[in-house]
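Close look at the chain arrangement
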Amino acid sequence: MIRTRALARSFRSGKHTVEAVRGVDLDVAEGELVALLGPNGAGKTTLLRMLTTLLPPTAGAATVAGYDVRTDAARVRARIGVVGQGHGLGESQRARDELLTQARLYGVGRREARARADELLEMLELTGVADRGTPSLSGGQKRRLDIALGLVHRPRMLFLDEPSTGLDPQSRANLWGHVARLRAEHGTTVLVTTHYLDEADGHAERAVVVDHGTVIADGTPDALKGQVPGDRVTLDDVFLNLTGRSLREGE
Amino acid sequence: MSAATTERNTQDPGAVRPSAVRDVLAVWNRQARPLVRNPLAVVFGMAQPLLYLALFAPLLTGLGGPEGQDPWQWFVPGLLVMLALFTCGFAGFGLLPEIASGAHERMLATPASRTSLLLGRVVQDVALMLVQSVLVLLLVLPLGFRAPLPETVLGLALLAVLGAVLATLSYVVALATRQTYVFAPVLQTVVMPLMLLSGVLLPMDLAPGWLYTLSRLNPLAHVVDAERALFAGQWGTDVAVGWVVALVLLVLSLVLGARMMRRGAS
Ligand SMILES: Nc1ncnc2c1ncn2[C@@H]1O[C@H](COP(=O)(O)OP(=O)(O)O)[C@@H](O)[C@H]1O
Ligand SMILES: [Mg+2]
């Protein structure tokens, strides 16, 4: 579903060049649920924005859903769902209306768009707030609506950038439950980023840890934890072991 | 039809190709919805021009030229241009929070063409401005303003072209600045001289030579002249020049706007 080779992106700001992603090789098979883990600034968002055609790479290559992100961006876009890091909701829009517009932009017919919106509102427990303005939704509801927006066209691949940031533990667990269900019921391939390393535990079967723009570990959460001696090892310990830095230091 | 679409969707959602017209309509629809739900906002958006109409236009009565003899007939065509400047020129303010929140990027990630995403917004801004213009005309007709139908239609069409130019350029500036605190002063710096040098408020004939020359370099001034000529029933060079200026600007701004949108977010 995803294949990148030496994918890189740097940003120039004045005299400085920030190498946000440096040479990432990543393969994700159809149907996988992969968690992309790393501290703030690791390059997760930049990597996702390249894979979702929002940002051209400065070097390397990537294909998503069988198409090159550079030369076949429109075909990639039609086949993936994208949930960005911020809330992608219009301030003066109602929840259902945003879903309808989004469906139309993906080329879904009018009648089907309405059915699809209702279905997603139901699935993500948003039916009760469907006709409310988006600013009045809770954090968890907004995030679930973001996810619904990414699913209107039944994409086979979904990208989620920090979907759980800012949510309370209960909403967070609820959100992961939805993602897991999506995958179990529809076989959707999911790539989800988070800077809460331990979130991947128990939810994702594969964790890819990035730091300073490169992949520093890739495997099942259990295999990664097996590399660190001791019991009750967490993914935070794995990160500490790999980098000599604790993720908690900066917080 | 729905069976075929559904089948195609489950096999390969990418097989359904969006059309430019549908994309423009979808975005227009989205942008229009809040105003349809709350029509009063249409009137709030025209507060500034209405204040000029009520509190400034009557001052003209004391002046000697055509503006003094028939203040409504002289002032209202220019007021319509002012309306285009405020409603369409400030359109970028609506995009800024969507750039900040990620809603804009969410739409950039869809297969809809980026030019369509821009045009849908511009169409709504122009539509709003036309509704406001008609409201102004309805307001001044009982006061003795003369608006013969063919001239009015042509005048509003010219206004729509100008509005599309202003809205597009406003989005270009919003996409370039991205932050409200940069966008707002940039816009103010451009809009105020454009308005003062357009001859909307007072005839530029009153200006000293250098100021008059400056005003001739302002495209808005030519559209104001064309609108005044039209509503006075004078079909002549003023009308032709106004249209040519507006159409040339339309092409240039759309090329620039499309390029800016395609560059996307970075
Ligand atoms: N548009 C941008 N312009 C300049 N620098 C950027 C931009 N986007 C990201 N960066 C920089 O790239 C690095 C990686 O950022 P990001 O991909 O957002 O990390 P993460 O999502 O893992 O927190 C950071 O140092 C960040 O400041
Ligand atoms: Mg990020």
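What counts as what
- Residues numbered from 1 in each chain as written.
- Chains lettered and ligands numbered in written order.
- Predicted model: local features only at pLDDT ≥ 70, side-chain atom pairs only at ≥ 80, totals over all residues.
- Heavy atoms only, no water.
- UniProt positions renumbered as here; feature names shortened; annotations may be inferred.
- Helix = DSSP H or I, 4+ residues; strand = E, 2+ residues; numbered from the N terminus.
- Near = heavy atom within 4 Å.
- Polar contact = N/O pair within 3.5 Å; in protein donor to acceptor, adjacent residues only side chain to side chain.
- Nonpolar A, V, L, I, M, F, W, Y, C, P; charged D, E, K, R; others polar.
- Salt bridge = Lys/Arg side-chain N within 4 Å of Asp/Glu carboxyl O.
- Buried < 20%, exposed > 50% of the residue type's maximum accessible area, 1.4 Å probe, protein only.
- Donors = N, O, S within 2.8 Å, 3.2 Å for Na, K, Ca; no water.
- Axes fitted to C-alpha atoms, helices over the stretch in contact; angles between N-to-C directions.
- Parallel < 35°, antiparallel > 145°, perpendicular 65-115°, else oblique.
- Left-handed = near helix turned anticlockwise from the far one by under 90°.
- Contact = heavy atoms within 4.5 Å.
- Buried area = accessible area lost by both parts, 1.4 Å probe.
- Phe/Tyr/Trp six-rings, centres within 6.5 Å; stacked < 30°, edge-to-face > 60°.
- Lys NZ or Arg CZ within 6 Å of the ring centre and 35° of its normal.
- pLDDT = per-residue confidence, 0-100.

**Some words on the UniProt feature "domain: ABC transporter" (unreviewed entry) in chain A**
- In this numbering, the UniProt entry assigns the feature "domain: ABC transporter" (unreviewed entry) to residues 2–237 of chain A.
- Overall, residues 2–237 of chain A shows 34% helix and 28% strand. The separation of its end C-alpha atoms is 28 Å.

**Quick notes on the site of ligand 1**
- With respect to spatial proximity, 12 residues lie near ligand 1, and among them Gly41, Gly43, Lys44, Thr45 and Thr46 of chain A are the closest.
- Neighbouring residues of ligand 1 are not confined to one chain but are distributed across chains A and B.
- The backbone of Ala42 of chain A places a nitrogen or oxygen atom 3.1 Å from an oxygen atom of ligand 1.
- For ligand 1, an oxygen atom lies 2.7 Å from a polar atom in the side chain of Thr45 of chain A.
- Secondary structure elements with two or more residues in the shell around ligand 1: strand 2 (16–28) and helix 1 (44–51) of chain A.
- At 3 residues, the largest contribution of residues to the shell around ligand 1 is made by helix 1 of chain A.
- Among the residues forming the shell around ligand 1, the class breakdown is 5 nonpolar, 6 polar and 1 charged.

**Overview of the pattern of salt bridges**
- Applying the stated rule across the entire model yields 26 salt bridges over all chains.
- Among the ionic pairs, Lys44 of chain A bridges to Glu162 of chain A, the shortest N-O distance being 3.7 Å. One end of the pair, Lys44 of chain A, is in helix 1; the other, Glu162 of chain A, is in the loop between strand 7 (157–161) and helix 6 (169–186), with 118 residues separating them in the sequence. You'll find Lys44 of chain A and Glu162 of chain A in the same group, each marked buried.
- Bridged by salt links that share partners, the residues Glu98 of chain A together with Arg30, Glu98, Arg106 and Arg121 of chain B form one connected network.

**With respect to the coordination of the magnesium ion (ligand 2)**
Residues and elements named next belong to chain A.
- Each protein donor to the magnesium ion (ligand 2) is listed here as Thr45 (OG1) and Gln85 (OE1); together their distances run 2.0 to 2.4 Å. Residue Thr45 is located in helix 1, and its partner Gln85 is located in the loop between strand 6 (80–83) and helix 3 (95–105); the two are separated by 40 residues in the primary sequence.
- For Gln85, a relative accessible area of 43% corresponds to the partly exposed category.

**Side note on the packing of helix 6 (residues 71–87) of chain B against helix 10 (residues 149–177) of chain B**
Residues and elements named next belong to chain B.
- Closest axis-to-axis distance for the helix 6/helix 10 pair is 9 Å, and the angle between their directions is 25°. The angle between helix 6 and helix 10 falls in the class roughly parallel. Along this stretch, helix 6 crosses helix 10, giving a crossing that reads as right-handed. Residue-level inspection shows Leu80, Val81, Ala84 and Leu85 of helix 6 in contact with helix 10, the latter providing Leu159, Leu162 and Leu166.
- Of the residues belonging to the contact of helix 6 with helix 10, the class tally is 7 nonpolar, no polar and no charged.

**A short note on the interface of chain A and chain B**
- Between chain A and chain B, the contact holds 32 residues from the first and 36 residues from the second.
- Considering only the side of chain A, the residues that lose the most area to chain B are Leu54, Arg77 and Leu105 of chain A, jointly responsible for 20% of the buried surface there.
- The interface formed by chain A and chain B holds 5 salt bridges in total.
- With a shortest N-O distance of 2.7 Å, Asp97 of chain A and Arg37 of chain B are connected by a salt bridge.
- On inspection of chain A and its partner chain B, the count reaches 11 residue pairs in polar contact (both at pLDDT 80 or more).

**Side note on the environment of Ser92 of chain A**
- Considering the arrangement of structural elements, one finds Ser92 of chain A in the loop between strand 6 and helix 3.
- Considering only alpha carbons, one finds Ser92 of chain A and Thr134 of chain A, 42 residues apart in sequence, at a separation of 7.1 Å.

**Overview of the packing of aromatic side chains**
- Here the structure, examined in full by the defined rule, presents 6 aromatic pairs over all chains.
- On the numbers, 6.1 Å between centres and 70° between planes, the contact of Tyr52 of chain B with Phe56 of chain B is edge-to-face.
- Above the plane of the ring of Tyr196 of chain A lies Arg172 of chain A, whose end atom (NZ or CZ) is 3.8 Å from the centre.
- Positioned above the aromatic ring of Trp74 of chain B is the side chain of Arg228 of chain B, whose terminal nitrogen or guanidinium carbon lies 3.7 Å from the ring centre.

**Some thoughts on the packing of helix 10 of chain B against helix 13 (residues 219–231) of chain B**
Residue and element names in this part refer to chain B.
- Closest axis-to-axis distance for the helix 10/helix 13 pair is 9 Å, and the angle between their directions is 165°. Here helix 10 is positioned roughly antiparallel relative to helix 13, judged by the angle of their axes. Seen along the crossing, helix 10 lies across helix 13 with a hand that is left-handed. Here Glu151, Thr152, Leu154, Gly155, Leu158, Leu159 and Leu162 of helix 10 lie close against helix 13, whose contacting residues are Leu220, Val223, Ala226, Glu227, Leu230 and Phe231.

**Notes on the confidence of the model for chain B**
Residues and elements named next belong to chain B.
- Per-chain confidence: chain B averages 90 in pLDDT, with 92% of residues scoring 70 or above.
- The least confident element of chain B is helix 1 (residues 2–11), whose mean pLDDT is 42; the most confident is helix 10, at 97.
- Across residues 1–10, confidence stays below pLDDT 50; counting only partners more than four residues off in sequence or on other chains, it has 8 contacts.
- With a pTM of 0.92, the predicted complex shows an ipTM of 0.93.

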